[in-house]
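Here is how the chains run, residue by residue.
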Amino acid sequence: MMGLKNALFAGKSSMIEPNAFKWLDESEISYNIWDKKYRKNDESFDEWIERVSGGNSEIAQLIREKRFLFGGRILSNRGIDKAGSLSNCYSEGFLPDSTEGILDVLKDVAMTFKAQGGEGISFSKLRPKGAPINNGLYKTDGIIPFMELFNTATETISQGGNRRGALMMSLDAWHKEIESFISIKDDINKINSANLSVEIDNKFMNSIEKGQDEEVTRHYDCGDITYTINPSKIFHAIAEHAWRTGDPGIIFTDRFRNYNLMEFVEDYKIETSNPCGEQPLPKHANCNLGSFNLYAYILNPFQEGRSRFDETKFCKDIEVVVREMDRIVDENIPKHATQKQREAAEKWRLCGIGVMGFADALIALGYTYGDKNSIEFADYIGELMLYSALDASSKLAAEKGTFPGYSDKIWDSSILQITGMGNSQWKKQGLRNASLLSIAPTGSISTMWNVSGGIEPIFAFSFNRKTVSLNNGEDKVYKINAKIVEDFKKATGWNKDELPEYFISAQQIIPLQRIRVQAAFQNYIDTAISSTINLPNEISPEQIEELYYQAWRAGLKGITIFREGCEKSGILTTSTPRSTKVYQRGEILPIDNVEVDTEWSDLVSGCGTMHVSYKFNSVENEFREAFINKGSSGGCRCWMEFGSRAMSTLARAGVPPEVIIDQLKSCSNCSAYNVARAKGKNVSLGTSCPSAIGFDLERILEKRKGGNGNLAVTQSVVDLCPECGQPLIYAGGCAQCTCGFSKCG
């Protein structure tokens, strides 16, 4: 094993932890996630388990057996002095309609980012553009400048030096500026660091079919403002922009704000959500997260007639986890960024227990995602989770007391009436927690364990990994199977190329089936579900409107879609012809004694400008040299000289340009780029100077082979992973990357 590890991790500064490597099935990607995101101070695997489990042997065993894992902030920060918060999820609710109040919220949001939390804010209470301020002496510029203000804060303030902030911005569909909100991302230099959602109530949905203007009167401190809104027109605009860019999403507010345990508790008013939408929260409230791996509970997997879910173990484990999550609430109170957050945490004691590996569990049972069996299984799991979590929270209340904001009105809530939950013992004892269940994206932790995230289908069952030999310049392509495929083949001896029909990927699932699965879970989830419905490129905006309508009718709390190949997808592919020349190892070709073609580019970086020239052999059209020069301002001349020499040497050593491009694009994110972009500077496509050159060279190669060279317009449209520079995947209501990066932690 040591030889393999040394080969995989050559050049790493920290020692490879063999027990963790084995625990993660000797996967380089999985190990890198654990090592880079969650391991602290080169701790051993046993030390890490002890730290994140808080010394709880039962929790430690669940983690070792890959049955349960906390959310990223707990894994990263628990047991570390002066570390950030243990909660991923926060909300500041409705912004107050005053400059002073907005700036107070901005400060709280910034402090929350510093503590490594993500925030949600609603602009619905702000007076619209043109409304009077200062007793009518002036008129307000409306919500857009304040959206830009919070976007800039999110862009520039890192989460504890660990990652950029995460933010959800939402607006009521009846607001006078709703059209500007929906279309704001048409300007590629605006709002690149926040998710957008439109708040839609039942009245709005019922008004769509009328197709006519509706008169709206809103009350502000400056007086009443009356205007008209056309719900049909707005609804179509939402679908059309989501079709183009994936934004905005939709929050169905009647269900979102009311379908929970605290529905009739007057001082528990849900206003908006955390960045990924799985946590509808009152103002200043917060929640910690953890997820069960459903795949780990399948007994006799892949054995028709014998496979089944281990209900007994699952329900027992839920009680263990509820107790530990409640314990973490107390641990985390001093770690919150503001006093109001600390008070809300103590008053409500919110927990968010979810799942991952749902799609893997379906396959292990022989079920097809979206069919009757899968929906019944979702209903079954949801019922087990809610019952077991309520039971565990009630037992805790009997031992330690109810949460301070507890009310007997909980037992009248719609969720308990519809699901038939509640018994006399629970009512006598009360509950320890105001919320219990939440299905988060689980982007990084599910990737680390090689299972599907949340309740998402599996994105792909196999992918190609290409290696390039420097001996003869030939590519070798290896087909890599997802872990569920390898497990299936190992268990069954399957040796055919085609997998059984119940191996169904996200692209193959009918969107309405996704909605039905999510709806089955939502009946039992007292908060919400973060999920992205992946759609084929050919779907129309009108079909997306119908999906929205079906989601509302099915009782979803919200919906996010992402169309394959849309403007935000960042699908950048080239098929530049490769040279057939054979190079000997170590051979560096001299400068060609033939005519040279030169391509010139002026690039804008985070620090200033760069002038880049690329030299091509005019006979064979092969890339040979690059020269990078500093512009009139900014940039480091020394690295530019080295970059020029390195690129030119690699090209003349026979390294294919695709490999050079890949290395350039894989360079780390540059903070100067973030700051420049946040200030509205139209920087070149990329996340750093080297990656900008990589994208530019890719564009030029595309143009020289006969294309138009239009790989993308700017970085603002194409979302790239800040860690590896590759296009992000949209799943679970969150942007994620195959390297393990997740915007939601």
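Asker: Where do I start with the overall build of the protein in this structure?
Answerer: Each helix and strand counted, the protein has 26 helices and 26 strands in total. When each of the 745 residues of the protein is scored for burial, the buried share is 57%. Put simply, 70% of the contacts in the protein that link residues at least 6 apart link residues at least 24 apart. Here the protein displays about 30800 Å² of accessible surface, and carbon together with sulfur accounts for 48% of that area.

Asker: Honestly, the packing of helix H5 (residues 57–64) against helix H13 (residues 311–332) in this entry has me stumped. Any pointers?
Answerer: What describes two packed helices is the angle between their axes and the distance between those same axes. Put simply, H5 and H13 touch, their axes get as near as 10 Å, and they point 120° apart. Comparing their axes, H13 and H5 come out oblique. Of the two possible hands of crossing, H5 and H13 adopt the one that is left-handed. For the pair H5 and H13, contact is made by Glu58, Ile59 and Leu62 and by Lys316, Asp317, Val320, Val321 and Glu324, respectively.

Asker: What should I look at first to understand helix H14 (residues 339–348) in this one?
Answerer: Within an α-helix, residues lying three or four positions from one another point in the same direction, as the helix has 3.6 residues per turn. Along H14, the positions that sit buried rather than exposed are Gln341, Ala344, Ala345 and Trp348. All buried residues of H14 fall inside an arc of 100° around its axis, so they share one side. At the exit of H14 stands Arg349, carrying a positive phi of roughly 50°.

Asker: Looking at this structure, I do not really get the nonpolar core. What am I missing?
Answerer: Ranked by internal contacts, the top residues of the largest apolar core, which has 111 residues, are Trp48, Phe314, Phe358 and Ile484. Per-element accounting of this core gives the leading share, 10 residues, to helix H16 (residues 372–400). Not counting residues within four places of it along the chain, the set of residues in contact with Phe358 comprises Leu294, Tyr369, Ser374, Phe377, Ala378, Ser452, Gly454, Ile455, Val517 and Phe521. Residues Ile143, Ile200, Ile234 and Ala237 belong to the second largest nonpolar core, which totals 58 residues.

Asker: Before we go on, may I ask you to explain the environment of Ile504 in this structure?
Answerer: Relative to the elements of secondary structure, Ile504 occurs in the loop between helix H20 (483–492) and helix H21 (511–522). In sequence terms Ile504 and Thr368 are 136 residues apart; their C-alpha atoms lie 6.8 Å from each other. Dropping the residues within four chain positions of it, Ile504 is found in contact with Thr368, Tyr369, Ile458, Phe461 and Ile509.

Asker: So what exactly am I meant to see when it comes to the confidence of the model for the protein here?
Answerer: One rule of thumb: low pLDDT means the predicted coordinates there are not for detailed reading. Mean pLDDT over the protein: 87, with 84% of residues reaching 70 or higher. This model gives residues 570–583 a pLDDT under 50, and the stretch forms 38 contacts once residues within four places in sequence are excluded.

Asker: Would you explain the environment of Pro96 in this entry?
Answerer: Tracing the backbone through its elements, the reader meets Pro96 in the loop between strand E3 (93–94) and helix H7 (99–114). For the pair Pro96 and Phe123, spaced 27 residues apart in sequence, the C-alpha to C-alpha distance is 8.4 Å.

Asker: It is not clear to me how the side chain of Glu199 should be interpreted in this structure. Could you clarify?
Answerer: If you trace the backbone, Glu199 turns up in strand E8 (residues 195–200). Side-chain polar atoms of Glu199 contact the side chain of Ser122, separated by 2.7 Å. Filtering out sequence-adjacent residues up to four positions away, Glu199 remains in contact with Phe94, Ser122, Ser124, Ser170, Leu171, Asp172, Ala173, Ile251, Thr253 and Arg257.

Asker: Before we go on, may I ask you to explain unusual backbone geometry in this structure?
Answerer: Note: most residues except glycine have negative phi, and most peptide bonds are trans. Here Asp247 and Pro248 are connected by a cis peptide whose omega angle stands at 0°. Note on placement: Pro248 falls in the loop between helix H11 (231–245) and strand E11 (249–252). At Gln116, a residue that is not glycine, the phi angle is positive and equals roughly 80°. Turning to its location among the elements, Gln116 is positioned in the loop between H7 and strand E4 (119–122). Gln116 sits in the buried class, given a relative accessible area of 8%. Here Asn450, not a glycine, exhibits a phi torsion of approximately 60°, which is positive.

Asker: Honestly, the packing of aromatic side chains in this entry has me stumped. Any pointers?
Answerer: Here the distance between the centres and the angle between the planes together describe a pair of aromatic rings. This model, assessed by the stated rule, comprises 37 aromatic pairs. Where Phe302 meets Phe488, the ring centres are 5.6 Å apart and the plane angle is 75°; that geometry is what we call edge-to-face. Of this pair, Phe302 sits in the loop between strand E15 (298–299) and strand E16 (308–309) while Phe488 sits in helix H20, and the two are 186 residues apart along the sequence. Taking the centre distance of 5.8 Å and the plane angle of 75° together, the rings of Phe309 and Phe377 count as edge-to-face. Residue Phe309 is found in strand E16, and its partner Phe377 is found in helix H16; the two are separated by 68 residues along the sequence. In terms of burial, Phe309 and Phe377 fall into one category: buried. Aromatic ring contacts, followed pair by pair, group Phe68, Phe70, Phe292, Tyr297, Phe309, Phe314, Phe358, Tyr367, Tyr369, Phe377, Tyr380 and Phe521 into a single cluster. Here Lys125 stacks its cationic end above the ring of Phe94, 4.8 Å away from the centre of that ring.

Asker: Just to check I follow, could you spell out the sheet that holds E4 for this structure?
Answerer: Two strands in a sheet stick together by hydrogen bonds in their backbones, pointing the same way (parallel) or opposite ways (antiparallel). Spatially, E3-E4-E7-E8-E11-E21-E20 is the arrangement adopted by the 7 strands of the open sheet, whose pairing is mixed. Whereas interior strands pair on both sides, the edge strands pair on one side only; in this sheet they are E3 and strand E20 (532–535). Strand direction decides the pairing type here: E8 and E11, joined by 4 bridges, are parallel. Residue pairing in the sheet places Ile200 in a bridge with Phe252 of E11. The strands that H21 touches are E20 and strand E21 (558–563); relative to E20, the one it contacts most, it runs at about 170°.

Asker: Which parts of the structure should I look at to understand the pattern of salt bridges?
Answerer: Charged atoms that come close allow side chains of opposite charge to pair. Per the stated rule, a full pass over the model turns up 34 salt bridges. With its nearest N and O atoms 2.9 Å apart, the salt bridge here joins Arg349 to Asp330. Taken together, the residues span a long stretch of sequence, with Arg349 in the loop between H14 and strand E17 (351–356) and Asp330 in helix H13 at a distance of 19 residues. Judged by its relative accessible area of 4%, Arg349 falls in the buried class.

Asker: Even after reading the chapter, I still don't get the packing of H7 against helix H8 (residues 144–156), so can you show me in this structure?
Answerer: It is the contact of H7 with H8, at a shortest axis distance of 10 Å, that shows an interaxial angle of 20°. Compared by their axis directions, H7 and H8 come out roughly parallel. Crossing angle aside, the handedness with which H7 passes H8 is right-handed. Where H7 abuts H8, its residues Ile102, Leu103, Val105, Leu106, Val109 and Phe113 lie against Phe146, Leu149, Phe150, Ala153 and Thr154. Grouping the amino acids of the contact of H7 with H8 by side-chain chemistry returns 10 nonpolar, 1 polar and no charged.

Cut-offs used in this document
Residues numbered from 1 in each chain as written. Predicted model: local features only at pLDDT ≥ 70, side-chain atom pairs only at ≥ 80, totals over all residues. Heavy atoms only, no water. Helix = DSSP H or I, 4+ residues; strand = E, 2+ residues; numbered from the N terminus. Buried < 20%, exposed > 50% of the residue type's maximum accessible area, 1.4 Å probe, protein only. Contact = heavy atoms within 4.5 Å. Areas by Shrake-Rupley, 256 points an atom, 1.4 Å probe, with all protein chains shown as cover. Axes fitted to C-alpha atoms, helices over the stretch in contact; angles between N-to-C directions. Parallel < 35°, antiparallel > 145°, perpendicular 65-115°, else oblique. Left-handed = near helix turned anticlockwise from the far one by under 90°. Arc of directions from axis to C-beta. Core = buried A, V, L, I, M, F, W, Y, C linked by side-chain atoms within 4.5 Å. pLDDT = per-residue confidence, 0-100. Polar contact = N/O pair within 3.5 Å; in protein donor to acceptor, adjacent residues only side chain to side chain. Phe/Tyr/Trp six-rings, centres within 6.5 Å; stacked < 30°, edge-to-face > 60°. Lys NZ or Arg CZ within 6 Å of the ring centre and 35° of its normal. Pairing = 2+ DSSP bridges. Salt bridge = Lys/Arg side-chain N within 4 Å of Asp/Glu carboxyl O. Nonpolar A, V, L, I, M, F, W, Y, C, P; charged D, E, K, R; others polar.

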